[in-house]
Amino acid sequence: MAEQLKDFSLLHSDEMILNMGPQHPSTHGVLRLKIHTDGEIVSRIEPIIGYLHRCFEKHCEFLTYEQIVPFTDRTDYLAAMNMNDAYALAVEKLLEIEIPERVQYIRVIMAELQRIASHLVAVGTFGLDVGGITPFTWTIRDRERILDLFEYVCGARLLYNYIWVGGVSHDLPEKFIRRTLEFLDYFEPQIEEYNQILTYNKIFIERTADVGTLTPEVAINYGCTGPVLRGSGVKWDLRKTEPYAVYDKFDFDIAVGDGRMGTVGDTWDRYFVRIIEMKESVKILRQALAQIPDGDVHAAVPKKVRIKEGSVYSRYESARGEVGFYIIAGGKDKPMRVKMRSPAFCNLSVLSEIAEGWMISDVIAILGSLDIVLGEIDR
Amino acid sequence: MGEYFKNIYTGLQSFIAGLQLSLHHYHSRKKLVATLQYPHEKWPVEERHIGFDLQEYNVVRSRLHVDINDCIGCNQCVRACPVDCITIESVKPPKGSEFDPGTTSNGTQKRMLVARFDIDLTECMFCNLCTYPCPEDCIYMVGGPNSAKHQIEYEYSKRDRKDLIFRFANPSEEEIIAAGGADYLAKKKGLPPPEKPAAEPKAKPKTAEPKINYEPVNAITDRMTRSLAKKAYTAAVRAGKTASETAVAVKQALEEAGKYSSDLDTVMESIGKAELMTQAGPAPEKKVVEQPAGGLDIKLLNDLTDRMTRGIAKKAFMAATREGQDAKAVVRSIQTALEAADKFTDEVKAVLAKLESPGEAPVKPAAAPKTAAPALNIKVLNGISDKMTRGLAKKTFMAAQRAGKSPADIVTEVKETLEDAGKLTPEFAKIIDSLREDA
Ligand code: SF4
Ligand code: SF4
């Protein structure tokens, strides 16, 4: 079993700096890690970001409220629906408009499908990071089906611009509910397969259990959210703790890590939280698909968004954690300032803390379990 | 020891479990296969009506397409686009031109000719935002597996990036010129002066050619009918028909199109009585007036530095020349106008003096800075540290210089202006004084 080195004074060898990335398959995007090593033991990691910076926040100051939506797609491109939703939620809070029930349900359905899709990538690539190639092909295959559903709804597979301020761009197509239910029926047994081939695989457990343990205190201090925080056993999920949209109408549990394979908050726990969350999302989806009311999805879409004055901070639980939008309106049809709180950015910041004392190969597993998306970190 | 064997056991177990799964997938591969043999197979996506007016709309976002014959050039799509990748240039036919840009398939009368409609698909991010505001539903996404319905190629992949700039509008040069776009054409070709045809249509209506009087036809409320009627009316007038003959011709044309109804009778009657041409009465006169009237040149007024003053002066100038006043009277009316607005300053006086005696004055300002004023170097004023003050000082300096004042006068004037503005500090005064010393 892997062991964490606690006392560096034993070795006293020279420090070496190793560059990982920005072109490295295990860094999940253009991230550069400056790893200070002592032999093969990591003593410190400096994540260097900014390779994908596109001035999202500055751009927003020159775009109308509606035009920003496609730009939010491009922040977290693996959970674009979530980002659309988070942004729309913030602007609606500022506008103080009532959103039709049907729209709320559609958004929940999209958000949960997107959460599954995003977690599938996280689980698949995590498997890839620790050496299992098959699970990746399987998860990507199932994600494709979700993307098909999205394409069926709005015509795009990755960057949707589907959730608008005040509504959604088009109503659900006729057969959407049936097809989504079909997908869920197909998908649920698949989760068991992932468990069999990856989650309970002995080699996988050896690589991840007890490795890179993140204690709840450290997680909270670093501002970690989402599965990373819940992996440490903290019951914090904005869908439950601060319900927005219609989440208070559904019955689901917050997935938390319980240290089943080792200690609470280890890499395996962070991974497993995502598996449970997918199951919970399926639960929410089934309820939402059964309850969805009729209505006009364009009823509340404002002709032109123009916000007098005021500011708002709105938080939203995306697949990676708490997405926050802080918007200051300046009386025009364009916002004066948009600040986005990126969950992956905060989650990445904890890397050096939890990777210290582990081997370089463990760093890859730990980084994989944080599930970062560079598009969102750099914006 | 027990741990050791247990580990081997669980390791083997998960190994076998994995193999079993793989085997299972191997056997059921046909059912679960995810890969499509792409160029030969395409995803089956059902077509659907997506809930706005375009029945034929296909929700797959493959490429933007524009039905250019339906486009009215309203620029709504350009305004909606977050990345500015649509470029529209349109030519508006001048008033009274008989050029007809046609109607859209919704029956909207177009107002202008769309001369350019480019979409740069290298920049487009397929957000679909441009398609919603279009009043004619003529810009939309096409392609995808349902492209059979649209008869447009699949992904629009191109071998060269340049080919990804799609040009939808392609009017011929004759069309653009007919729509009165000769200027536009010249600019596009990079020829600085407008070509001859550009100058002609401008000059023509002013000089001789009488205008067709569309007033009676404009009384028709229905757009389609009106455009039809106008066409027939224009043709008849051109052919030199009399009023009553024209009315008959228009009526005939409308009847043929099945658009004639009895409530149009009054309109026809009014056509029968109308003067078909507005005799180009005041036009030729106007032309003469606009030429340097009575030897006065309006450009001289550009020397006025204050914008308000300049505007008032020009207005008065134009009004006076239009009335055909002589040079003195023109100057006087400008003066009264400015005095009324409390804008009559020494500077204005100087300019007006120039205006009145164009023979000597225009030479003076050109010569003056060269002889007298160059003695002063405006660069000295750069020593003034405050931006506002510096600007003011320079402005006054230039105005005074242009008015042909002596160096001493310039210096005092600059000083006075600054003092009035409450910006004159001893330090700045020294700098201004140094203007002369420098000389
Ligand atoms: S799809 Fe979006 S980016 Fe492309 S032209 Fe239309 S508005 Fe612009
Ligand atoms: S919105 Fe439609 S009609 Fe208007 S310019 Fe664009 S394509 Fe043409």
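A short tour of the structure in this document, coming up.

Rules used throughout
- Throughout, residues of each chain are indexed from 1 in the direction in which the sequence is written.
- To read the labels, note that chains go from A and ligands from 1, taken in the order they are written.
- Local features are withheld for residues below a pLDDT of 70 in this predicted model, meaning they are given only at 70 or higher, and side-chain atom pairs are given and counted only at 80 or more; totals for whole chains, interfaces and linings count all residues.
- Side-chain metrics rest on all non-hydrogen atoms present in the structure, leaving aside hydrogens and water.
- Note on contacts: a residue pair qualifies if any of its non-hydrogen atoms lie within 4.5 Å across the two residues.
- A simple way to read buried area is as the amount of 1.4 Å-probe accessible surface that goes missing from two parts once joined, with both sides added.
- Salt bridge, as applied in this entry: a Lys or Arg side-chain nitrogen positioned within 4 Å of an Asp or Glu carboxyl oxygen.
- N or O atoms within 3.5 Å of each other form a polar contact, as long as, within protein, one can give a hydrogen and the other can take it, and as long as residues adjacent in sequence are counted only when both atoms are side-chain atoms.
- Here a strand is any run of E in DSSP of at least two residues, a helix any run of H or I of at least four, and the numbering for each starts at the N terminus.
- In the scheme used here, Gly and all other residues not listed as nonpolar or charged are polar, with Ala, Val, Leu, Ile, Met, Phe, Trp, Tyr, Cys and Pro taken as nonpolar and Asp, Glu, Lys and Arg as charged.
- Among buried residues, those of type Ala, Val, Leu, Ile, Met, Phe, Trp, Tyr and Cys that are joined through side-chain atoms within 4.5 Å constitute a nonpolar core.
- Relative accessibility thresholds used throughout: buried, under 20% of the residue-type maximum; exposed, over 50%; partly exposed, between the two (1.4 Å probe, protein chains only).
- Near residues are defined by distance, with any heavy atom within 4 Å of the molecule or strand qualifying the residue.
- Only strands that DSSP links by at least two bridges are regarded as paired with each other.
- Under this scheme, a helix contributes an axis fitted over its contacting stretch, all axes are lines through C-alpha atoms, and angles between N-to-C directions fall in the 0 to 180 degree range.
- For Phe, Tyr and Trp, rings pair up if their centres lie within 6.5 Å, where Trp contributes its six-membered ring, and each pair is then called stacked (planes under 30 degrees apart), edge-to-face (over 60) or tilted (otherwise).
- For a ring to carry a charge above it, either NZ of a lysine or CZ of an arginine must fall within 6 Å of the ring centroid while also lying within 35 degrees of the normal to the ring plane.

**Side note on the interface of chain A and chain B**
- Each partner contributes residues to the interface: chain A has 35 residues there, and chain B has 27 residues.
- With both sides pooled, the region where chain A packs onto chain B buries about 2600 Å², and carbon together with sulfur makes up 54% of that total.
- Between chain A and chain B we count 0 salt bridges in total.
- Across the chain A-chain B interface, the total number found is 7 residue pairs in polar contact (both at pLDDT 80 or more).
- Elements that contribute at least two residues to the side of chain A that touches chain B include exactly helix H2 (65-73), helix H5 (134-154) and helix H6 (176-199) of chain A.
- Sorting elements by how many residues they give to the side of chain A that touches chain B places H5(A) first, with 9 residues.
- Its residues assigned to classes, the side of chain A that touches chain B shows 16 nonpolar, 7 polar and 12 charged.

**Regarding the nonpolar core**
All names here are of chain A.
- In terms of nonpolar packing, the biggest core is built from 93 residues, with Tyr 162, Phe 187, Phe 325 and Ile 327 touching the most fellow members.
- With 13 residues, the top contributor of residues to this core is helix H4 (residues 101-129).
- Those residues in contact with Phe 325, other than ones at most four positions away along the chain, are Phe 56, Thr 72, Met 83, Ala 86, Tyr 87, Ala 90, Val 312, Tyr 313, Ser 314, Val 338, Lys 339 and Met 340.
- If you look at the next biggest cluster of nonpolar residues, it comprises 30 residues, including Val 42, Val 228, Val 350 and Ile 377.

**A look at the side chain of A:Gln190**
Residues and elements named next belong to chain A.
- Here Gln 190 shows up in helix H6.
- What makes Gln 190 buried here is its relative accessible area of 6%.
- Beyond its immediate stretch of four places on either side in the chain, Gln 190 contacts Arg 141 and Asp 142.

**As for the site of ligand 2**
- The environment of ligand 2 is formed by 13 residues, the closest being B:Cys71, B:Cys74, B:Asn75, B:Cys77 and B:Cys134.
- Residue classes in the shell around ligand 2 are distributed as 10 nonpolar, 3 polar and no charged.

**What about the pattern of salt bridges?**
All names here are of chain A.
- In the structure shown here, the tally under the stated rule is 33 salt bridges over all chains.
- The residue Arg 260 makes a salt bridge to Asp 258 at a minimum N-O spacing of 3.4 Å.
- Taken together, the shared-partner salt bridges in this structure form one network comprising Glu 112, Arg 115, Arg 230, Asp 237, Arg 239, Glu 277 and Glu 317.

**Examining the sheet that holds strand S2 (residues 86-91) of chain B**
Residue and element names in this part refer to chain B.
- Strand order in this open sheet of 3 strands is S2-S3-S5, and the pairing throughout is antiparallel. Edge positions in the sheet fall to S2 and strand S5 (165-167), since each has one partner strand and no second. The mean angle between the axes of side-by-side strands here comes to 15 degrees, regardless of whether they run parallel or antiparallel.

**What about unusual backbone geometry?**
- Unlike most non-glycine residues, A:Asp210 shows phi in positive territory, near 70 degrees.
- Mapped onto the secondary structure, A:Asp210 falls in the loop between helix H7 (202-208) and helix H8 (216-221).
- For A:Asp210, a relative accessible area of 27% puts it in the partly exposed group.
- Residues other than glycine seldom take positive phi values, yet B:Phe126 does so here, at roughly 55 degrees.
- With respect to the helices and strands, B:Phe126 occurs in the loop between strand S3 (113-120) and strand S4 (139-142).

**Quick notes on the site of ligand 1**
- What surrounds ligand 1 is a group of 13 residues, the closest being B:Cys81, B:Cys124, B:Cys127, B:Asn128 and B:Cys130.
- Its residues assigned to classes, the shell around ligand 1 shows 12 nonpolar, 1 polar and no charged.

**Concerning the packing of aromatic side chains**
Residues and elements named next belong to chain A.
- With the rule as written, the count across this model stands at 18 aromatic pairs over all chains.
- Centroid distance Phe 150 to Tyr 160: 4.9 Å. Interplanar angle 65 degrees. Geometry classified as edge-to-face. Placement of Phe 150 in helix H5 and of Tyr 160 in the loop between H5 and strand S4 (163-164) is noted, with a sequence separation of 10 residues between them.
- Residue Tyr 160 is classed as buried on the basis of its relative accessible area of 1%.
- Ring centres of Tyr 200 and Phe 272 lie 6.3 Å apart, and the angle between their planes is 55 degrees; on these two criteria the pair is classed as tilted. Of this pair, Tyr 200 sits in the loop between H6 and H7 while Phe 272 is found in helix H11 (residues 267-291), placing the two residues 72 residues apart along the sequence.
- For Tyr 200, a relative accessible area of 37% puts it in the partly exposed group.
- Residue Phe 272 is classed as buried on the basis of its relative accessible area of 7%.
- Through a chain of ring-to-ring contacts, the aromatic side chains of Tyr 105, Tyr 244, Tyr 247, Phe 250, Phe 252 and Tyr 316 assemble into a single cluster.
- In this structure, Arg 145 packs its charged tip against the face of Tyr 186, placed 4.4 Å from the ring centre.

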